[in-house]
2 protein chains.
Amino acid sequence: MQTSIPKGTRDFGPAEMSRRNYIFETIKSVFRLYGFQPIETPAMENLSTLLGKYGEEGDKLLFRILNSGDFLTNVPDDKFQERASGSFAPFISEKGLRYDLTVPFARFVVQHRNELVFPFRRFQVQTVWRADRPQKGRYREFYQCDADVIGSDSLLNEAELVQIIDQVFRRLNVRTVVKINNRKVLAGIAEILGQADRITDITVAIDKMDKIGLEKVKEELLQKGVSAAAIDKLQPILLLEGDTTQKLASLRSILAASEVGQKGIDELQTLFDYVATFDLNTEVELDLTLARGLNYYTGAIFEVKAKDMAIGSICGGGRYDDLTGIFGLPGVSGVGISFGAERIYDVLLHLDGFPKESLESTRALFVNFGKAEEAYILPVLYRLRNHGINAEIYPEADKMKKQMNYANRKEIPFVVLAGANEMQENKFTLKNMSSGEQQLVSSEELIKILSRHEVI
Amino acid sequence: MQTSIPKGTRDFGPAEMSRRNYIFETIKSVFRLYGFQPIETPAMENLSTLLGKYGEEGDKLLFRILNSGDFLTNVPDDKFQERASGSFAPFISEKGLRYDLTVPFARFVVQHRNELVFPFRRFQVQTVWRADRPQKGRYREFYQCDADVIGSDSLLNEAELVQIIDQVFRRLNVRTVVKINNRKVLAGIAEILGQADRITDITVAIDKMDKIGLEKVKEELLQKGVSAAAIDKLQPILLLEGDTTQKLASLRSILAASEVGQKGIDELQTLFDYVATFDLNTEVELDLTLARGLNYYTGAIFEVKAKDMAIGSICGGGRYDDLTGIFGLPGVSGVGISFGAERIYDVLLHLDGFPKESLESTRALFVNFGKAEEAYILPVLYRLRNHGINAEIYPEADKMKKQMNYANRKEIPFVVLAGANEMQENKFTLKNMSSGEQQLVSSEELIKILSRHEVI
């Protein structure tokens, strides 16, 4: 009995599904409240859609689909001589599994641009696949939960995304900090340092502030060829103090000479003004060290941390002004966020924050005593289900102990017993499995009690 | 702007998602009512799990994943000389995409047998992939919706599956016929014909009764080497008349000499007895011509047809006594059904049976007249959402016409307008987009009206 699944992939049984669906349904319901609509794209995309979008490293992590049929036919003779996987692959593989939801979404927008209603608010909750080395918390197949507004420059979109983040974690009872930065401010910083062409190096270095500290960041910048004078100019920015208003005011004067920097400050100011009027649970703070790896962000950058567990970001996102440009449709601005369901799962597990009763559990099990009792039970069972109560009858008249064990292991909160006595009285014995309490009830009472959503 | 997706795959926009989710959610909610619990398995399975389970043809239709990294390293020299795709493939590909949900489920049951609670009632709604030639109604990526009970011989399971089928199509308003047969009866028939070893040929032939008629079926059987005498014995069975009770009675005497045949009749009788006590919308009938291609069925066989559209079966299933045997765990009996969501979609489209209001639509759009109005609107919008009302504000103060067009195209049933007048009166103008009717309302009234689930 040797059965296994590919490394980095997982099976999900009912208990995990219940917990995972709790997260997904919470996120999706909040997306819907804000007017976002679902789309789905195929698991497989043409490699021409995927390649070159995730950097050289990303290309290597794509799962490629072997062409169907006689796939070697198109391989030129010299490739058989060469035996180099890299140059062999394009002749035997034209499709790959999606690596994220962003590139397929960009492709979707371009492909369907004439049918879509802009600004287009879409959400997408689907699996993605990456041939990463599997390790704790990193899988080769996992879900992404993305929401994006595309075709609108308004900063109200950014503000509403912060509200969505707040609502999701409020419902999940996870205390969070939303960290906000703006790519234009980073560009402004690079500009006043006289390093406008080095923005990537500088932001990557800034991103490491938390991890390696000021001195090492300065070292790295030096190594990358940023001048000591520029680094000196950078330092006060990295060590900025005060509340958001104070920081923005200081930045505005430091970046006085940079047009893009001023634009970034304006955007941050507008966003923080919106956020100040909202009734939020989450903390929101400006974080200039926040750059995130993704090069396509052009405005706001978001990152969410859980306050009660040391774990990476549990949500992130930002504005990108040219996502669809890679597919030939320039000038379409978008802003989006992505919830990290796997990490949120770990946070909820850590906080014991999942609902106590499985969302996927049956509410009541009817014990099966035999044919006559079955015939007595089935019509009532049918009525229960018509009242929206998830219920089941044990399919055969097995030993009582076995049936009770089944209810226990399936975490079914109520068991209904109907033997000769109950049948004579036209009643049912309802047993609460957690308290052990039993009561004799009519079918009407049974429906009434089991319809209640809390465990009694 | 050349964007495309692999042939046989599809993008689903919000309108299609709404309709598809209507089907999936209906099916899943009924599964849950009957105590079934969801599981998910990985998209990729080891090829050792998949190969040989779907016949030679099925093996060819598997999508294979190219091994990551330097995949040519493991290919022996002679394979490069040979250049035969079939013998080359195993050295460069170890994983494949799942082809159905049944084999992964069998693998799941064997792999997790010590954690599962038997009888295990699972449902699974996931995509499957087949490298079939795409054509109308046949895709390379599609969903399957399966429910199975594994680890129980009781025919009550079969009966409840019929009830589930009835409930699903009752909720979807699709009139159906559930056709039922039993593999043991077919085996009994083969046995009394003296063709016990030819059961596959005979059932395949019987399966064609509907399509090619009695004479051609007889011809085919002759060609396959079934004796003319045996075929003569078969004829009265194929042409059996009367209601189910009469048919079962006739069959019982025809199959008097076959033990397995008698067992099959007993099972059918028990199932029909159960079904007779149920309050069903669907018609249920015995159909001896029903064999279905799948060889692993050992008891009941189900197939569901829509009464108001000529289309293939929209649901099917049956009992299999040895599903997990292929993975080394023999003797675990199961019974299951699978809903054909793609065909059900076509039936509902044909019958105009989808809900009129998109399930994924925003309920109200707030028109954006500018900053002051926005500030007036945002708190109310927030309250609406807290009341579970999907609502949005147009993100910028674009031309009124553009905003109304957005609402129209997104099929948003209500538009809320708040300009200087409304602000002065602390009210909102609510416009019903289908009737054109407008009314001036307070925020409380707004919440009350928009909370109603029907379109007013």
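The shown structure was predicted, so the numbers you read here are calculated from the model rather than taken from an experiment.

What follows is about the overall build of chain A. Within chain A, the secondary structure is distributed over 18 helices and 16 strands. Relative to the globule expectation of 23 Å for 456 residues, the C-alpha radius of gyration of chain A, 28 Å, shows a markedly less compact shape. Referenced to the eigenvectors of the C-alpha coordinate spread, the extents of chain A come out at roughly 95 × 65 × 45 Å. Taken across its 456 residues, chain A has 59% of its residues classed as buried. For chain A, the computed accessible surface area is about 18,600 Å², with 48% contributed by carbon and sulfur atoms. Between the mean site of the 57 positive side-chain charges and the mean site of the 63 negative ones, chain A shows a separation of 3 Å.

Let us look at the environment of A:Glu141. As for its position among the elements, A:Glu141 is in strand 6 (residues 141–150). Among the polar contacts listed, one links the side chain of A:Glu141 to the backbone nitrogen of B:Ala43, at a separation of 2.9 Å.

Taken as rigid bodies, chain A and chain B are interconverted by a rotation of 180 degrees and an axial shift of 0.0 Å, the fit giving an RMSD of 0.1 Å. As the rotation angle and translation indicate, the two copies are arranged about a two-fold axis. No C-alpha of chain A lies nearer the rotation axis than that of A:Ile65, which sits 2.3 Å from it. Most of the interface of chain A is mirrored in chain B, where 100% of its interface residues are also at the interface.

The next point concerns the interface of chain A and chain B. Taken residue by residue, the interface counts 108 residues in chain A and 108 residues in chain B. Buried surface at the junction of chain A and chain B, summed over both partners, amounts to about 9,200 Å²; 56% is from carbon and sulfur atoms. At the junction of chain A and chain B, the tally comes to eight salt bridges. A salt bridge links B:Asp77 to A:Arg83, with the shortest nitrogen-to-oxygen separation between them at 2.6 Å. Across the chain A-chain B interface, the total number found is 50 residue pairs in polar contact (both at pLDDT 80 or more).

Right, let's talk about the pairing of strand 6 of chain A for a bit. Look at any regular strand and the pattern is simple: side chains alternate between the two faces of the sheet. Residue and element names in this part refer to chain A. Of all ten residues in strand 6, ten are buried; the element is thus mostly enclosed. In strand 6, alternate side chains face the same way, and those of Glu141, Tyr143, Cys145, Ala147 and Val149 on one face and Phe142, Gln144, Asp146, Asp148 and Ile150 on the other are all buried. Sheet topology note: the strand 5 (residues 120–129)/strand 6 ladder contains ten bridges and is antiparallel. By the bridge assignment, Trp129 is partnered in strand 6 with Glu141. Of the strand pairs in this sheet, strand 6 and strand 11 (residues 334–339) are connected by six bridges, and their pairing is antiparallel. Directly across from Asp146, in strand 11, lies its bridge partner Ser338.

Among all residues except glycine, the phi angle is most often negative; among peptide bonds, the trans geometry is most common. All names here are of chain A. A cis amide bond links Phe118 with the next residue in sequence, Pro119, at an omega value of -5 degrees. Among the structural elements, Pro119 can be located in the loop between helix 6 (102–111) and strand 5. Even without being a glycine, Arg83 presents a positive backbone phi close to 55 degrees. Along the chain, the position of Arg83 falls in the loop between helix 4 (77–82) and helix 5 (85–92). At Asp352, a position not held by glycine, the phi torsion is positive, near 55 degrees. Mapped onto the elements, Asp352 comes out in the loop between helix 14 (341–351) and strand 12 (364–366). Asp352 sits in the exposed class, given a relative accessible area of 55%.

This structure, assessed with the given rule, holds zero disulfides over all chains. Take A:Cys315: it sits in no disulfide, and the sulfur closest to it among the cysteines is that of A:Cys145, at 9.4 Å.

Residues and elements named next belong to chain A. Viewed as axis vectors pointing N to C, helix 10 (residues 209–223) and helix 11 (residues 228–238) meet at an angle of 160 degrees, and their least axial separation amounts to 9 Å. When the axis of helix 10 is compared with that of helix 11, the two are roughly antiparallel. Crossing of helix 10 over helix 11 shows right-handed handedness. Contacts between helix 10 and helix 11 involve Met209, Leu214, Lys218, Leu221 and Leu222 from the first element and Ala228, Ile231, Leu234, Gln235 and Leu238 from the second.

Residue and element names in this part refer to chain B. Strands sit in the order 1-5-6-11-10-9-7-8 across an open sheet of eight strands; the sheet is mixed. The two strands at the open ends of the sheet, each matched to only one other strand, are strand 1 (37–38) and strand 8 (283–286). Strands strand 6 (141–150), strand 9 (300–306) and strand 11 (334–339) of the sheet are contacted by helix 14 (residues 341–351), whose axis makes an angle of about 110 degrees with strand 6.

In terms of domain boundaries, chain A breaks down into domain 1 (14–38 + 114–350) and domain 2 (364–452). Between the C-alpha centres of domain 1 of chain A and domain 2 of chain A the distance comes to 51 Å.

Another point: the packing of helix 7 (residues 155–171) of chain A against helix 13 (residues 259–277) of chain A. Residue and element names in this part refer to chain A. The N-to-C vectors of helix 7 and helix 13 enclose an angle of 45 degrees; their axes lie 9 Å apart at closest approach. One way to sum up the angle between helix 7 and helix 13 is to call them oblique. Read as a crossing pair, helix 7 and helix 13 show a hand that is right-handed. Together, Leu155, Leu156, Glu158, Ala159 and Val162 of helix 7 and Glu267, Thr270, Leu271, Tyr274 and Val275 of helix 13 make up the contact between the two elements. Partitioned by chemical class, the residues of the contact of helix 7 with helix 13 number seven nonpolar, one polar and two charged.

Helical geometry note: an α-helix holds 3.6 residues per turn, so side chains three or four residues apart project in the same direction. All names here are of chain B. If you check helix 10 (residues 209–223), its first and last C-alpha atoms are just 16 Å apart, much less than what 15 residues at 1.5 Å a residue would give, namely 21 Å. The largest bend along helix 10 measures about 75 degrees and falls at Glu215. For helix 10, every residue scored as buried is listed here: Met209, Leu214, Val217, Lys218 and Leu221. Buried residues along helix 10 sit against helix 9 (199–207) and helix 11 (228–238).

Every buried residue of helix 16 (residues 400–409) of chain B is accounted for by B:Gln403, B:Met404, B:Tyr406 and B:Ala407. Down the axis of helix 16 of chain B, the buried set is contained in an arc of 150 degrees. They therefore lie on one face. Tucked into the core, helix 16 of chain B has its buried residues touching strand 5 of chain A together with strand 12 (364–366), strand 13 (391–393), strand 14 (414–417) and strand 15 (428–432) of chain B. Positive backbone phi, at 55 degrees, marks B:Glu411, one or two positions downstream of helix 16 of chain B.

Glancing now at the sheet that holds strand 8 (residues 283–286) of chain A. The strand order across the open sheet formed by eight strands is 1-5-6-11-10-9-7-8 (chain A), and the pairing between neighbours is mixed. Strand pairing shows two members of the sheet lacking a second neighbour, strand 1 (37–38) and strand 8 of chain A, which therefore form its edges.

It is worth spelling out the pattern of salt bridges at this point. Pairing between side chains of opposite charge can happen when their charged atoms approach one another. In the structure shown here, the tally under the stated rule is 55 salt bridges over all chains. Of the charged contacts, one joins A:Lys179 and A:Glu285 as a salt bridge, the two residues approaching to 4.0 Å between their closest N and O atoms. Residue A:Lys179 is located in strand 7 (residues 176–182), and its partner A:Glu285 is located in strand 8; the two are separated by 106 residues in the primary sequence. Here A:Lys179 falls in the buried class, since its relative accessible area comes to 14%. With a relative accessible area of 30%, A:Glu285 lands in the partly exposed category. Overlapping salt bridges, with partners in common, bring together A:Arg121, A:Glu160, B:Arg385, B:Glu392 and B:Lys410 in one network.

With that out of the way, let us pick up the packing of aromatic side chains. All names here are of chain A. The tally for this structure, following the rule as stated, stands at 29 aromatic pairs over all chains. With a centroid separation of 5.2 Å and 55 degrees between ring planes, the pair formed by Tyr345 and Phe354 is classed as tilted. Both residues of the pair, Tyr345 and Phe354, belong to the buried class. Seen in terms of ring centroids, Phe366 and Phe428 are 6.5 Å apart; in terms of plane orientation they differ by 85 degrees. Their pairing is edge-to-face. Residue Phe366 is found in strand 12, and its partner Phe428 is found in strand 15 (residues 428–432); the two are separated by 62 residues along the sequence. Neither Phe366 nor Phe428 differs from the other in exposure class; each is buried.

Counting 126 residues, the largest nonpolar core has A:Ile164, A:Phe169, A:Phe339, B:Phe366 and B:Leu446 as the members making the most contacts within it. A total of eight residues in this core trace back to one element, the largest contributor, which is helix 7 of chain A. Excluding anything up to four places from it in sequence, A:Ile164 contacts A:Val30, A:Phe31, A:Tyr34, A:Phe36, A:Ile337 and A:Phe339. Counting residues in each nonpolar core, the second largest holds 125 residues, with A:Leu384, B:Ile39, B:Leu186 and B:Val275 among its members.

About the cut-offs
Just so you know, the residues in each chain are numbered from 1, in the order the chain's sequence is written. Following the order in which they are written, the chains are lettered starting with A and the ligands numbered starting with 1. Where totals are concerned, whole chains, interfaces and linings use all residues; where local detail is concerned, this predicted model gives features only for residues with pLDDT of at least 70, and gives and counts side-chain atom pairs only at 80 or more. Only hydrogens and water are removed before side-chain values are computed, so all heavy atoms of the structure are retained for them. Here a helix means four or more residues in a row that DSSP labels H or I, a strand means two or more in a row labelled E, and each is numbered from the N terminus. Atoms counted for the radius of gyration: C-alpha only. Globule rule: 2.2 Å times residue count to the power 0.38. Exposure classes here rest on a 1.4 Å probe applied to the protein chains alone. A residue is buried below 20% of its type maximum, exposed above 50%, and partly exposed in between. The Shrake-Rupley method, run with a 1.4 Å probe, gives the accessible areas here. Residue values count only the displayed protein chains as cover. His is not counted here, nor are the chain ends, while Lys and Arg score as positive and Asp and Glu score as negative. The atoms used to mark charge sites are NZ of Lys, CZ of Arg, CG of Asp and CD of Glu. Any pair of N or O atoms that falls within 3.5 Å is considered a polar contact. Within protein, one atom must be able to donate a hydrogen and the other to accept it, and sequence-neighbouring residues count only if both atoms are side-chain atoms. A least-squares fit on C-alpha atoms brings the copies together, and the residues used are those whose pLDDT is at least 70 in both copies. It only takes one pair of heavy atoms within 4.5 Å for two residues to be counted as in contact. Here the quantity called buried area is the total loss of accessible area, with a 1.4 Å probe, experienced by two parts when brought into contact, counted for both. Within this document, salt bridges are pairs made up of a side-chain nitrogen of Lys or Arg and a carboxyl oxygen of Asp or Glu, the two lying within 4 Å of each other. Strand pairing is assigned whenever DSSP identifies at least 2 bridges connecting the two strands. Only a pair of cysteine sulfur atoms within 2.5 Å counts as a disulfide in this structure description. Fitted lines through C-alpha atoms give the axes, limited to the stretch in contact for helices. The angle between two N-to-C directions lies from 0 to 180 degrees. Orientation labels follow simple angle bins: below 35 degrees gives roughly parallel, above 145 gives roughly antiparallel, 65 to 115 gives roughly perpendicular, and whatever is left gives oblique. By convention, the crossing between two helices is left-handed when the near helix turns anticlockwise from the far helix through less than a right angle, and right-handed when the turn is clockwise. Where each domain starts and ends follows an automatic or database-derived domain assignment. Residues are grouped as follows: Ala, Val, Leu, Ile, Met, Phe, Trp, Tyr, Cys and Pro are nonpolar; Asp, Glu, Lys and Arg are charged; all remaining types, including Gly, are polar. Expected span, for any helix, means 1.5 Å times one less than how many residues it has. Take the seven residues that end at a residue and the seven that start at it, fit an axis to each, and the angle between those axes is the bend at that residue. This arc is built from the directions going out from the helix axis to the C-beta atoms. Note on ring pairs: Phe, Tyr and Trp rings are taken, using the six-membered ring of Trp, and paired if centres are within 6.5 Å. Classes follow the plane angle, with under 30 degrees stacked, over 60 edge-to-face and the rest tilted. Among the buried residues, those of types Ala, Val, Leu, Ile, Met, Phe, Trp, Tyr and Cys that are joined through side-chain atoms within 4.5 Å form a nonpolar core.

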